[in-house]
Amino acid sequence: MSDAEAAAGATDEADGDNPPVRRVSDWDAGRLSGLADAHGTPLYVQDLDRVRENCERLLAAFPDADVRYAVKAHTGQAVLETVRDAGLDAECASAGEVDRALAAGFDGSRLHYTAVNPPARDLDYVAGVAEADPDLTVTVGAVDTLDRLAERGYDGRVCVRVNPGVGAGHHEKVTTGGAAKFGVPYDRAAEVTRDAAERFDAVGVHAHAGSGIDPDQLDSHRELVARMGDLARELTDPDAEGAAPLDLEYVDVGGGFGVPYEEDAPALDLRAVADATREAVAPLPEGVDLAIEPGRYVVADAGVLLARVNTVKPTPDETVVGVDAGMTDLLRPAMYDAYHPIRNLGSGRGREGGDAPPVGEREATPVTVAGPICETGDAFCENRALAEPVRGDLLAVGVAGAYGYEMASQYNSRPRPAEVALDDGTATIARRRETLGDLTTVEREIPRDRAGRSEGDR
Ligand SMILES: *Cc1c(COP(=O)(O)O)cnc(C)c1O
């Protein structure tokens, strides 16, 4: 065996300990049932060990890149601390996320704030943070935002967000609709970045396509990355006519690393994506690094949502299974028609031997799993074959760790669920279950100034 083969073998082995995806079927049913019994449902379970594994896989696939966790996928303090310890930076989309990242111990040099149509309040806050910690970087997607930063006395690190205008195979096609909201148009990017460098420390260029990088979409990813490499070379070119070369530190090609939601969908081949990315961005100018911003990939398969079956209603076409979690707990199915795998864990209380046979012996039955919200769209699946659910069963909704709790709301005056973090097997409450009292907190605690005016009056 050659050294290279030996190294490859070692890599495979490492991959064996750290599989590319954790399926809902991989979770320990007894453990999940125990957590549901102990903490009630609906309950999110987020496994920090899996978060760590995902960070490690990313760092191994992109050894020379800056890896920045897009915090919005899951902002829980325990997750942020885990990601920080694993060595990733934090990419924040709001003042609130910057605040959380600071609380989790990220210092300015590891903080990237991406200002998308930023509210004045957010810019005030971030400019204040930057005064104390000038290593923070602001990523800016509009010339207006540069002006608004300058008005606040900010003259620190900026990165320019570019709308690369990449649509499958159509280089010059302008991206339509809401996508124009993100970033300056590609053909103005060089000019805007040079202008930014006059007033700020221009350290990078950035693009985030938004859509999932999955096995079918590598071509458009490659195209985006190549365009960003071109831009970096143009901006740093020492021979460019009439323009001094910029001292860029990085080209950030964003997130969007896909995670398989369907049970039989293949996992992303991260190494292949990394190779394609490196190849497409090359040759990077001296001193310019590649940066990526995975969000979903870090946390999605590290989380499940547990829900208890309340009602089972047979109809001629299908059976409607009512559970105690709904779109207020996990919005993605209602909002994006997103698929989440669902596994029936049975009653979890050893009642299978009584009322119903063990889940393994039940027949697969087409069911709609619906939540308690007064909306037709409040369903996690329709006509899905599950081991026939009975009242009291526990269902695990898989791949719920990204954009799950983050998108939870109190619509229908439903308190948000609890979340348990598993760390080295130990469970701790990461977010307590909200109470009915929490629902009216903001109505009861209206701060008043000395003149008796409430905040809303000012
Ligand atoms: C949301 C977001 C990401 C992460 O996207 P994922 O699909 O979760 O990987 C990265 N960068 C920016 C700027 C984002 O807004």
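How each quantity is defined
- Residue positions are given per chain, counted from 1 along the sequence in the order it is written.
- Per-residue local features are limited, in this predicted model, to residues with pLDDT of at least 70; the limit for side-chain atom pairs, both in listing and counting, is 80 or more; totals at the level of whole chains, interfaces and linings are taken over all residues.
- The basis for the side-chain values is all heavy atoms of the structure; hydrogens and waters are excluded.
- Note on conventions: DSSP H or I runs of at least 4 residues are helices, E runs of at least 2 residues are strands, and numbering of each starts at the N terminus.
- What a helix is expected to span follows from its residue count: subtract one and scale by 1.5 Å.
- Exposed residues in this analysis have more than 50% of their type's maximum accessible area, buried residues have under 20%, and partly exposed residues fall in between, with area computed by a 1.4 Å probe over protein chains only.
- As used here, the arc is the angular range of directions from the helix axis to the C-beta atoms.
- In this analysis, two residues are considered to be in contact whenever any of their non-hydrogen atoms come within 4.5 Å of each other.
- Throughout, a disulfide means two cysteine sulfur atoms within 2.5 Å of one another.

Quick look at helix α6 (residues 120-132)
Over its 13 residues, α6 runs 19 Å from end to end, which matches the ideal 18 Å to within 8%, given 1.5 Å per residue. What α6 keeps buried is the set Asp 122, Leu 123, Val 126, Ala 127, Val 129 and Ala 130. Looking straight down α6, one finds that the buried residues subtend no more than 160 degrees of arc, so they occupy a single side. Across α6 from its buried face, at more than 90 degrees, point the exposed residues Arg 121, Glu 131 and Ala 132. On its buried face, α6 sits against α5 (95-103), β4 (111-115), β5 (137-140) and α7 (143-151).

Considerations on the environment of Val 158
The residue Val 158 is located in strand β6 (residues 157-163) in this model. Note on Val 158: relative accessible area 1%, which makes it buried. With 44 residues separating them along the chain, Val 158 and Ala 202 place their C-alpha atoms 5.0 Å apart. If we ignore the near neighbours within four places in the chain, the residues touching Val 158 are Thr 137, Val 138, Leu 146, Leu 149, Ala 196, Phe 200, Asp 201, Ala 202, Val 203 and Gly 204.

Concerning the state of the cysteines
Scanning the entire structure with this criterion turns up 0 disulfides. Considering cysteine sulfurs only, Cys 92 is the nearest to Cys 159, which forms no disulfide, with 14 Å between them. Exposure remark for Cys 159: the relative accessible area of 0% places this residue in the buried category. Between Cys 374, a cysteine without a disulfide, and Cys 381, which holds the nearest cysteine sulfur, the sulfur-to-sulfur distance is 19 Å. A relative accessible area of 65% means that Cys 374 is categorised as exposed.

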